[in-house]
Amino acid sequence: MNESSAPPRLTALIGAALLAAGRPVTARELADTLDLPEETVDRELEAFARTLTAANLGFVAEAVAGGWRLIVPPALAAQLAPLLAPPPLPALSSAALEVLAVIAYRQPVTRAEIEAMRGGSAGTVVTLQERELVKVMGRSDAVGGPLLYGTTARFLLDFGLGGLEDLPPFQDVGFSHLLRG
């Protein structure tokens, strides 16, 4: 079943690192920790993910936010919801999702630019900051130096994205189906 060419100890170390970290771990971090070439670790992470999926053990390795993490497959998560913590936050409002979409696709972007694109208030930026989905990335060179907003690694995690390049085409946006909770 193990398609990896790595010694069993390396496979075990990769699995242990992903489990213990509790956050996405990059191939570079693993390569530095294990004193191996990053290309070797990349190859072994891919093989490890395929092996876990084929073994159907109730957890899989997922590439997300520029790294790898262990997760419960979405097909099993609903049945295990009472055991999973913390309880999910209330769903984002459609206004918050619109603001988040503008920030994700146009970042870095000012509040005035968000409001101009939406044709309405960008007041939900505060909520998005509290949920760590957006952050201040600096100040614009425009008069008054308005704040520039962009998305965070938490945004990538919550939406199951490896990077911003994984966002669906702008015209197809429907964020509610992407939110993984």
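Everything below is about the structure shown above.
The structure displayed is predicted, hence computed values, not measured ones.

Caption draft 1: Examining the packing of aromatic side chains more closely. A full pass over the atoms with the stated rule returns one aromatic pair. Aromatic side chains F155 and F159 sit 4.9 Å apart centroid to centroid with 35° between the ring planes, which places their arrangement in the tilted category. Taking the relative accessible area as the measure of exposure, F155 reaches 0% and is therefore buried. Residue classification places F159 among the buried positions, given a relative accessible area of 2%.

Caption draft 2: Molecular detail of the environment of A47. Tracing the sequence through the fold places A47 in helix 3 (residues 38-55). For A47, a relative accessible area of 5% gives the class buried. On a C-alpha basis, the gap between A47 and T11 in space is 9.1 Å, while along the polypeptide they are 36 residues apart.

Caption draft 3: Structural context of helix 5 (residues 94-106). Counted at 1.5 Å a residue, the expected span for helix 5 with its 13 residues is 18 Å, and the 18 Å between its end C-alpha atoms agrees. Of the positions making up helix 5, those classed as buried are A96, L97, V99, L100, A101, V102, I103, A104 and Y105. Packed against the buried residues of helix 5 are strand 3 (109-110), helix 6 (111-118), helix 7 (125-130), strand 4 (134-139), strand 5 (147-151) and helix 8 (153-158).

Caption draft 4: Just the pairing of strand 2 (residues 67-71), in detail. For strand 2, the tally of buried residues reaches four of five residues, placing the bulk of the element in the interior. Linking two consecutive strands that pair antiparallel, namely strand 1 (residues 60-64) and strand 2, is a turn of two residues; a positive phi of about 55° is found at A65 within it.

Caption draft 5: Summary view of the nonpolar core. Counting 22 residues, the largest nonpolar core has L92, L100, I103, I114, V125, L128 and F155 as its most contacted members. Only helix 5, helix 7 and helix 8 provide two or more residues apiece to this core. A total of eight residues in this core trace back to one element, the largest contributor, which is helix 5. Residues within four places of V125 in sequence aside, it is in contact with V99, I103, R111, I114, V134 and Y149.

Caption draft 6: Region of the structure containing the pairing of strand 5. Counting buried residues along strand 5, four of its five residues qualify, which places the element largely inside the surrounding structure. Taken together, the five bridges between strand 4 and strand 5 define a ladder with antiparallel strand orientation. In the sheet register, G138 faces strand 5, and the bridge partner there is L148.

Caption draft 7: Representation of the packing of helix 5 against helix 6. Contact geometry of helix 5 with helix 6 gives a least axis separation of 10 Å together with a crossing angle of 115°. Along this stretch, helix 5 crosses helix 6, giving a crossing that reads as right-handed. In this structure, helix 5 uses A95, E98, V99, V102, I103 and R106 to contact helix 6, whose residues at the interface are I114, M117 and R118. Partitioned by chemical class, the residues of the contact of helix 5 with helix 6 number six nonpolar, no polar and three charged.

What counts and what doesn't
- Residues numbered from 1 in each chain as written.
- Predicted model: local features only at pLDDT ≥ 70, side-chain atom pairs only at ≥ 80, totals over all residues.
- Heavy atoms only, no water.
- Phe/Tyr/Trp six-rings, centres within 6.5 Å; stacked < 30°, edge-to-face > 60°.
- Buried < 20%, exposed > 50% of the residue type's maximum accessible area, 1.4 Å probe, protein only.
- Helix = DSSP H or I, 4+ residues; strand = E, 2+ residues; numbered from the N terminus.
- Expected span 1.5 Å × (residues − 1).
- Contact = heavy atoms within 4.5 Å.
- Pairing = 2+ DSSP bridges.
- Core = buried A, V, L, I, M, F, W, Y, C linked by side-chain atoms within 4.5 Å.
- Axes fitted to C-alpha atoms, helices over the stretch in contact; angles between N-to-C directions.
- Left-handed = near helix turned anticlockwise from the far one by under 90°.
- Nonpolar A, V, L, I, M, F, W, Y, C, P; charged D, E, K, R; others polar.

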